[in-house]
Amino acid sequence: MKHQHEHECSDLLGSISEYVDGSLREELCRELEQHLSECEDCRVVVNTMKKTIELYQTDAPKDGLPADVRQRLYKSLHLEDLPHTLH
Amino acid sequence: MKIETAVTDISVEALKAGDRAEFARLVDLASAPIYRLGLKMLGNPQDAEDVLQNTFLKALQSLGNFEGRSSPLTWLYRIAVNEALMLIRRQKPQVEIAEEPQDGEGDLPTPVQLTDWCCLPESDFLTAESKRALDAAILKLPEKLRVVFLLRDIEGMSIQETSETLNLTETAVKTRLLRARLHLREQLSSYFTDRLAEERVK
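Residues numbered from 1 in each chain as written. Chains lettered and ligands numbered in written order. Predicted model: local features only at pLDDT ≥ 70, side-chain atom pairs only at ≥ 80, totals over all residues. Heavy atoms only, no water.

### Points about the overall build of chain A
Right, on to step 1. Of regular secondary structure, chain A possesses five helices and zero strands.
Right, on to step 2. Listed N to C, the secondary structure of chain A is α-α-α-α-α in terms of helices and strands.
Right, on to step 3. Long-range pairs, those at least 24 residues apart, make up 38% of the contacts in chain A with a sequence separation of at least 6.
Right, on to step 4. Summed over all atoms, the accessible surface of chain A reaches about 5,400 Å², with 51% contributed by carbon and sulfur. (Helix = DSSP H or I, 4+ residues; strand = E, 2+ residues; numbered from the N terminus. Contact = heavy atoms within 4.5 Å. Areas by Shrake-Rupley, 256 points an atom, 1.4 Å probe, with all protein chains shown as cover.)

### Description of the state of the cysteines
Here, disulfide denotes a covalent bond that connects the sulfur atoms of two cysteines.
Residues and elements named next belong to chain A.
Right, on to step 1. Scanning the model with the defined rule gives zero disulfides over all chains in all.
Right, on to step 2. Between Cys39, a cysteine without a disulfide, and Cys42, which holds the nearest cysteine sulfur, the sulfur-to-sulfur distance is 3.7 Å.
Right, on to step 3. By relative accessible area, which is 3% here, Cys39 ends up buried. (Disulfide = S-S within 2.5 Å. Buried < 20%, exposed > 50% of the residue type's maximum accessible area, 1.4 Å probe, protein only.)

### Side note on the packing of aromatic side chains
Residue and element names in this part refer to chain B.
Right, on to step 1. With the rule as written, the count across this model stands at seven aromatic pairs over all chains.
Right, on to step 2. Each ring, one from Phe125 and one from Phe192, has its centre 4.9 Å from the other, and the planes form 70°; the classification is edge-to-face. With Phe125 in helix H6 (residues 122-125) and Phe192 in helix H10 (residues 170-201), the pair connects residues that are 67 residues apart, well separated along the chain.
Right, on to step 3. Of the aromatic side chains, those joined through ring pairs into one cluster are Trp117, Phe125, Tyr191 and Phe192.
Right, on to step 4. Across the ring face of Tyr191, the terminal group of Arg195 is positioned such that the distance to the ring centre comes to 4.4 Å. (Phe/Tyr/Trp six-rings, centres within 6.5 Å; stacked < 30°, edge-to-face > 60°. Lys NZ or Arg CZ within 6 Å of the ring centre and 35° of its normal.)

### With respect to the packing of helix H4 (residues 45-62) of chain B against helix H5 (residues 72-91) of chain B
Residue and element names in this part refer to chain B.
Right, on to step 1. In contact at an axis separation of 9 Å, H4 and H5 are set at 130° when each is read in the N-to-C sense. Classified by the angle their axes make, H4 and H5 are oblique. At the point where H4 passes H5, the crossing takes the right-handed sense. Packed against H4, whose contacting residues are Asp47, Val51, Asn54, Thr55, Phe56, Lys58, Ala59 and Ser62, the element H5 presents Trp75, Leu76, Ile79, Ala80, Glu83, Ala84, Met86, Leu87 and Gln91 at the interface.
Right, on to step 2. For the contact of H4 with H5, the class distribution of residues is ten nonpolar, four polar and three charged. (Axes fitted to C-alpha atoms, helices over the stretch in contact; angles between N-to-C directions. Parallel < 35°, antiparallel > 145°, perpendicular 65-115°, else oblique. Left-handed = near helix turned anticlockwise from the far one by under 90°. Nonpolar A, V, L, I, M, F, W, Y, C, P; charged D, E, K, R; others polar.)

### Section: the interface of chain A and chain B
Right, on to step 1. In this complex, chain A contributes 41 residues to the contact, which on the side of chain B involves 47 residues.
Right, on to step 2. Here chain A and chain B share an interface that buries about 3,900 Å² over both sides, 65% of which is from carbon and sulfur atoms.
Right, on to step 3. At the surface where chain A touches chain B, the tally comes to seven salt bridges.
Right, on to step 4. One can count twelve residue pairs in polar contact (both at pLDDT 80 or more) joining chain A with chain B.
Right, on to step 5. Those elements giving two or more residues to the side of chain A that touches chain B turn out to be helix H2 (16-21), helix H4 (40-59) and helix H5 (67-76) of chain A. (Buried area = accessible area lost by both parts, 1.4 Å probe. Salt bridge = Lys/Arg side-chain N within 4 Å of Asp/Glu carboxyl O. Polar contact = N/O pair within 3.5 Å; in protein donor to acceptor, adjacent residues only side chain to side chain.)

If you want it as structure tokens, here you go:
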């Protein structure tokens, strides 16, 4: 029984990325949710994968370019004379 | 992608006609995300700056060949990804995770870490050490998986935009994304499971 169960886990592993994105086909989605309700290990994998993605998304810096990097970029592109780029 | 809308206003004709102000506008809009991509791909500011400058220099040189079939942003990302991959290959030709085939084929890595660490206090996720662990985990990914994860999950591109940028099929993007996420989950799980153990002895 245990062996068959593990087989199901690895079969469904390929679907979890689309599942966390909410883009998994309905039929597969139902199958996966049925399995998740019975398998704690797979629940943990799905939860921690969601959390992993969420952490990376919150961590991503949304601020602009550092001022010195920006200055050197405009210089290398010979754009430093354009007034509207100097902010 | 919020800047995607702003970039669609960029006139490809003006760019191709050598309009410097229009090119500067494109640089203004796209330089921050391109720099961020370089930073996450290469892991250090100097290399990220090289990727940034080379991307726009190459863009200027190849404007004549740009047909405007994809958005200027997709086009820039494509150049940036190639620049970053070239730099990585020049620096270290070997693959970090030896058992992971670069093209994303073969069996999926079986999850090993099975502790649920999601219940850790939010403050544990925000420490400088945690952020370093996040960055280090990305750098351990094979670069072909890394780039898919960065475009899709960090830059917020759709599967379709990612496949267009990387010239891959959507199926290949999905497979690489799954592999990247499984690897990252594994690495973060071993890091945060340790934090969980520390939390419990407190």
